[in-house]
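# Structure at a glance
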Amino acid sequence: MGDKIFTKQGWVESLRGLAGDYMVFVPVKEGDMYAFRHLDNDTKVAFDDYHNTRMSPKSIVYPQSERMFEYSLDKQDPDCNILKEVPKTFAPQAIVGIRPCDAHAFQISKRNFDTPEYRDPWWVQRYEATTLIGLGCNSPRSTCFCTAMGGGPFDEEGLDVLMFDMGETYLVRALTDKGEAFLGKLNGGRSADKTDREAALRLSDHVRDGMPDVVPVDPIRNKEIKDIFDASFWDDVAFACLNCGTCTFLCPACWCFDVQDEVYGREGDRIRNWDSCMFPLFTLHGSGHNPRAKKFQRVRQRFMHKFKYYVDKFDDGFQCTGCGRCVQFCPVNIDIRDVLRLMSDEPPVRLSA
Ligand code: SF4
Ligand code: SF4
């Protein structure tokens, strides 16, 4: 299928027609922020005015809190003390308007959840049931640095479909079989012609050329772990940090979780919850020992994992997409780009901590 052109209104109407085939998520405005929500007949879709959602769409594949198993503690119950998987649905779903940086993040997280040694059954099934319909970024924010992380405002990695906002219309391009299947179910639109495609290319080139490439990352690859680990700047970086965990919870590429049992009377649930390396309990051992008891150790871990351990392990990319959420929402203005400069032995230009 070639590229298609939809009027903006026609695109949303076509998406509404998919209700029987997909659970469709779109960006909507809530207060001063944006969030992905189910599309229904009353949804006010915010494709036109949003830069990105506050929470990344990772929760659509990897819920913030998920009941894994349930069990009975009633000795009269023949299934007493037997863990039973809680039924889950993996119906087809589509995230429409996902930014390329957030689609890139699923590729990063896949290295944790879908490996040759272990496949997380729930993450994998939900990811495979999800079609990612990206919306290229016409006007990236000052906090965005996707190009420094190997992505771009119109990057296709991890997307099934890419939309170009051409003003009055969208040019829509299928990138995978999943994307073809999705577009094949939509009504309306017309085939794009050469003029349309050239305009889309001009747009994406123009936006990409305007992205600042302010973050030096290559020097980190070539440095020894120990040299960065023992650097003297970590105390300064950590000084202002509140260990609030905002950065890790908003991050599309953070995947840490904790498993807890919750018991109500004679019934119990085993639940998986997002966790954060910023919290002291995250690494507390049963013995009482905590290898990251100090704040600077936890702050260091976040950056070392994203920009050194991950890089050395996979020799490809970073555990960051440059979406800029942690820059935008850190309550004490710690800017990950400044920390990258420190890790690269570059002078910080805007260190806020
Ligand atoms: S959002 Fe800022 S203050 Fe909160 S844990 Fe992250 S770096 Fe620290
Ligand atoms: S570390 Fe910050 S900039 Fe990088 S992907 Fe996570 S939230 Fe976005």
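It should be emphasised that the depicted structure is a prediction, and the values quoted were computed from it without experimental measurement.

Another point: the environment of Asp 227. Within the secondary structure, Asp 227 is located in helix α7 (residues 225-229). Given 10 C-beta atoms within a 10 Å radius, Asp 227 is considered exposed. Considered as a pair, Asp 227 and Tyr 309 are 82 residues apart in the sequence and their alpha carbons are 13 Å apart.

Turning our attention to the pairing of strand β4 (residues 65-72). Each regular strand carries side chains that alternate between the two faces of the sheet. Direction of pairing for β4 relative to strand β12 (residues 267-274): antiparallel, over a ladder of 7 bridges. Considered in β12, the bridge of Glu 66 is made with Arg 272. One ladder, built from 2 bridges, connects β4 with strand β5 (residues 84-85); its direction is antiparallel. Bridge pairing in β5 links Glu 70 to Lys 84.

As a further point, take the site of ligand 2. Every one of the 13 residues lining ligand 2 counts as a neighbour, but Cys 251, Cys 320, Cys 323, Arg 325 and Cys 326 are closest to it. For the shell around ligand 2, the class distribution of residues is 8 nonpolar, 3 polar and 2 charged.

Our next topic: the sheet that holds β12. Pairing within the open sheet is antiparallel, and its 4 strands lie in the order β5-β4-β12-β11. Only two strands of the sheet have a single neighbouring strand rather than two, namely β5 and β11 (257-264). Examined bridge by bridge, β11 and β12 share 8 bridges and lie antiparallel to one another. Bridging across to β12, Gln 260 finds its partner in Ile 271.

To continue, consider the domain arrangement of the protein. Split by domain assignment, the protein resolves into domain 1 (4-209) and domain 2 (218-343). For domain 1 and domain 2, the distance between their C-alpha centroids amounts to 25 Å. Opposite the 34 residues of domain 1 that make contact, domain 2 presents 28 residues. Where the side of domain 1 that touches domain 2 is concerned, the elements lending two or more residues are β4 and α2 (100-113).

Judged by nonpolar contacts, the single largest core of 71 residues is most densely connected at Ile 133 and Val 161. Among all residues touching Val 161, those that are not within four sequence positions of it are Ile 133, Gly 134, Val 172, Arg 173, Ala 174, Leu 175, Gly 179, Phe 182 and Leu 183.

Within the secondary structure, Asn 41 sits in the loop between β3 (33-38) and β4. In this structure Asn 41 comes out as exposed when scored by C-beta crowding, with 6 C-beta atoms within 10 Å. For the pair Asn 41 and Gly 245, spaced 204 residues apart in the sequence, the C-alpha separation amounts to 36 Å.

Let's shift gears to the sheet that holds strand β6 (residues 93-98). The strand order across the open sheet formed by 8 strands is β3-β2-β6-β7-β8-β9-β1-β10, and the pairing between neighbours is mixed. Edge strands, defined here as strands with exactly one partner in the open sheet, are β3 and β10 (190-191). Looking at chain direction, β6 and strand β7 (residues 130-135) are connected through 5 bridges and run parallel. Bridge pairing in β7 places Gln 93 opposite Thr 130. Against the sheet, helix α5 (residues 194-209) engages β1 (4-7), β8 (161-165) and β9 (169-174), with an angle of about 85° to β8.

So, about the pairing of β1. Sheet topology places β1 next to β9; 4 bridges connect them, and they run antiparallel. From the neighbouring strand, Lys 4 faces β9, where its bridge partner is Val 172. Pairing of β1 with β10, which is carried by 2 bridges, proceeds in the antiparallel orientation. Residue Ile 5 lies in a different strand from β10, and its bridge partner there is Arg 190.

Phi at Asn 81 is positive, roughly 70°, even though this residue is not glycine. Mapped onto the fold, Asn 81 is located in the loop between β4 and β5. Although it is not a glycine, Asn 243 adopts a positive phi angle of roughly 55°. Residue placement: Asn 243 occurs in the loop between α8 (234-239) and α9 (246-250).

Calculation criteria
- Residues numbered from 1 in each chain as written.
- Chains lettered and ligands numbered in written order.
- Predicted model: local features only at pLDDT ≥ 70, side-chain atom pairs only at ≥ 80, totals over all residues.
- Helix = DSSP H or I, 4+ residues; strand = E, 2+ residues; numbered from the N terminus.
- Buried ≥ 20, exposed ≤ 12 C-beta atoms within 10 Å, placed from the backbone.
- Pairing = 2+ DSSP bridges.
- Near = placed C-beta within 6 Å.
- Nonpolar A, V, L, I, M, F, W, Y, C, P; charged D, E, K, R; others polar.
- Domains from an automatic or database assignment.
- Contact = placed C-beta atoms within 7 Å.
- Core = buried A, V, L, I, M, F, W, Y, C linked by C-beta atoms within 7 Å.
- Axes fitted to C-alpha atoms, helices over the stretch in contact; angles between N-to-C directions.

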